[in-house]
Amino acid sequence: MLTLLPDDGYSVAVRAPSAGPAKEGGATGDDQQRATFPAYAPNVTGLDSVPRRSWLTADAIAAVRDESDRAFDDAEYEQRLTSVRDRMARGGMDAMLAFRPSSVEYLCGYHTAETAPQPLLVTESATYLYVPDLELGRALASARVDNIGYCGYADALRGLETFLEHAAGVLPAGARVGIEVGHASTPPHAVEYLRGSRVTVVRGEHLVETVRLRLSEAEVRCVAEAAERTRAGVDAAVAAAREPEATDSSVAGAISAALFDGANSASAWGPVVATGVRGGIPHSSWSHRRLGPGTTFLEFSGAHHRYHAPVMRTLAHGPPGPDERVLAELAETAVAAVLDTARAGVSCADVANAAAAALGPLPDGVVFHHLFGYPVGLAHKPHWMDGAPFYITRDNPEPLEAGMVFHIPASFRYLGRCGVGLSQTFLVTETGARVLTHGAAQLTVL
C-alpha cells in the first residue's frame, strides 16, 4: 500500500526502498517512509503551500503507472545518465539543469504536450523533475526519475521560482550547475535567478546533446521504424499528386494521414509541400494551390517515439525542363557523394569536401546552403533539427562516429523559379553509410 505522508501534508513517497539514491542537501522525502511500488517509482513532492492534491491517491498513481509509455528500459536510461555525469565531471560541474524538452526525455523519458518549462536537475547521484501538478500523470507514466517536484499549474505557467528555489536548495552552497544558456528552451529568467542564488552557474552548452549524437541500437530501431512511416508518406504523396484536381494542400493532407496512421507520435515539423515557383523559395509550403507546372518539392518525416527519419522528394509534373534536370542532377550527386564517403573515422570536413568536389562549381543562379548533413534522432517541436550543431560542413574537422544518424538536405533552387530537393537519412557505421529511409533519391516523374 502506498503511504501518503502526513507530516508536511503534501508529500508522497512512492519509490521502492531499493531504488533510492543517497539524500543530497535539502532533498525532500528521501528519508521518509516508503512503500513498495512496482518498477522504478519516484518520490513525489509538493513544492507549494497548497495542501496535498486530494486526487493524488495510491490507486490513481498505480493506474497511471500501469499505463507506462517509456520507450526504453532502465538500463538504457542508466547508460545515458552515466555518460552525461561523466561529461559533467570532466567539465567541473556538480549538477546540470536541462530545459530542452528532447534532452529531458532523453535522460528520463518524460514527455508531454505541455510547453511550460519543466526542467530536469541531474546531480552526481539523483535526478529531480519539476512539473506543474496537471502534468503529474504524464510524469508518472513516462519518467524514470528519483524525484518529482510539483506546484500549481497556473504558478508554473507564470514563473519558475518555485522549481528553481528547490533545485538550488538540494545542492550545497557554491555548487557549479551547468545550463545550456544559449538555447531558446532555457528561459533567461532562470539563468538570472540561479546566478542570484546560492549556486554558481556555468555554461553547459550541448552537454546532453553531444551524448545524444551517438544513438544506441534501440534508438536506431526507432529511427528505422520512423522511416517506415516516412515511406508511407512518400507513397501517399505520389498517389495524391496523381489525382486530377490535386493541390499542394491535398498532398500535404495525404502525407499527414499516412504519417499518423499506425504511428505512436507526431513529427516535430512539416510536411512541406511547395509547388511550382514556390519550390524555388526556400521554406515555402502548401497554400491550397493546384500542383505544377514544373516540380513539387516535398520534405517531411515519420516519427516513432519522437525519433525521426526525414526525407526530401521532388515530383515532376510531366517531363522535367532543363532547369529541373540541372537541379535534380546536383541533388543526386550530393546525396551519392555523402553516402559514398561517410563512415566512422572520416571527418565531417572530408565528407563535405568530397561532396563539394563532386558537385563542382555551381551553375550561375543556383541557391544551395552547402550543408551536407545534420544529425537527427529524438526531437521535439519546433523541428527535428533538435540536437548539437554537429554538421557535415567543410569547416567541421570532427570525425564521424559509429551510431551517428544524419539527414542529407540536398536541396537546390533557382530562386523564384523552381526547386528540387532529394535526400536520405543514414546511419554511420565502421564500414560506411547505411541508408535508413526508403526509395531512390531521384526525381519522381508523375
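The structure contained in this document is the topic of the report that follows. As the structure is a computational prediction, the values presented were derived from the model and not from experiment.

With that settled, the discussion passes to the sheet that holds strand β17 (residues 418–422). Ordered by their spatial adjacency, 3 strands build an open sheet running β13-β16-β17, and the pairing between neighbours is antiparallel. Edge positions in the sheet fall to β13 (366–367) and β17, since each of these pairs with one other strand and no more. In terms of strand pairing, β13 meets strand β16 (residues 410–414) through 2 bridges, oriented antiparallel. What sits directly across from Val367, in β16, is Arg413. Packed on one face of the sheet, helix α11 (residues 322–341) meets β13, β16 and β17 and runs near 25° to β17.

Evaluation of the coordinates by the stated rule reveals 18 salt bridges. With its nearest N and O atoms 2.9 Å apart, the salt bridge here joins Glu78 to Arg144. Placement of the pair is Glu78 in helix α2 (residues 74–90) and Arg144 in the loop between α4 (136–142) and β7 (147–151), with a sequence separation of 66 residues.

Met96, Leu107 and Leu129 are the most contacted members of the largest nonpolar core, which totals 49 residues. Here this core gets 6 residues from one element, more than from any other, and that element is helix α9 (residues 217–241). Formed by 40 residues, the second largest nonpolar core is a distinct cluster that contains Ala328, Leu330, Phe372 and Val420.

Of the pockets and cavities examined, the largest pocket occupies roughly 790 Å³. Around the largest pocket, the lining is made up of 29 residues, and of these Pro101, Thr112, Thr115, His380 and Lys381 lie nearest the centre. Each residue belonging to the lining of the largest pocket can be placed in one class, and the counts come to 13 nonpolar, 11 polar and 5 charged. Two domains each provide a minimum of three residues to the lining of the largest pocket, namely domain 1 (43–212) and domain 2 (214–445). By volume, the second largest pocket is sized at about 250 Å³. Lining the second largest pocket we find 16 residues, and of these His283, Met312, His369, Pro409 and Ser411 sit closest to its centre.

Cut-offs and rules
Residues numbered from 1 in each chain as written. Predicted model: local features only at pLDDT ≥ 70, side-chain atom pairs only at ≥ 80, totals over all residues. Heavy atoms only, no water. Pairing = 2+ DSSP bridges. Helix = DSSP H or I, 4+ residues; strand = E, 2+ residues; numbered from the N terminus. Contact = heavy atoms within 4.5 Å. Axes fitted to C-alpha atoms, helices over the stretch in contact; angles between N-to-C directions. Salt bridge = Lys/Arg side-chain N within 4 Å of Asp/Glu carboxyl O. Core = buried A, V, L, I, M, F, W, Y, C linked by side-chain atoms within 4.5 Å. Buried < 20%, exposed > 50% of the residue type's maximum accessible area, 1.4 Å probe, protein only. 1 Å grid on protein atoms, 1.4 Å probe; cavity = no way out; pocket = protein on both sides within 12 Å on 5 of 7 lines; lining within 4 Å. Points joined across faces, edges and corners; volume = space filled by probe spheres on them. Nonpolar A, V, L, I, M, F, W, Y, C, P; charged D, E, K, R; others polar. Domains from an automatic or database assignment.

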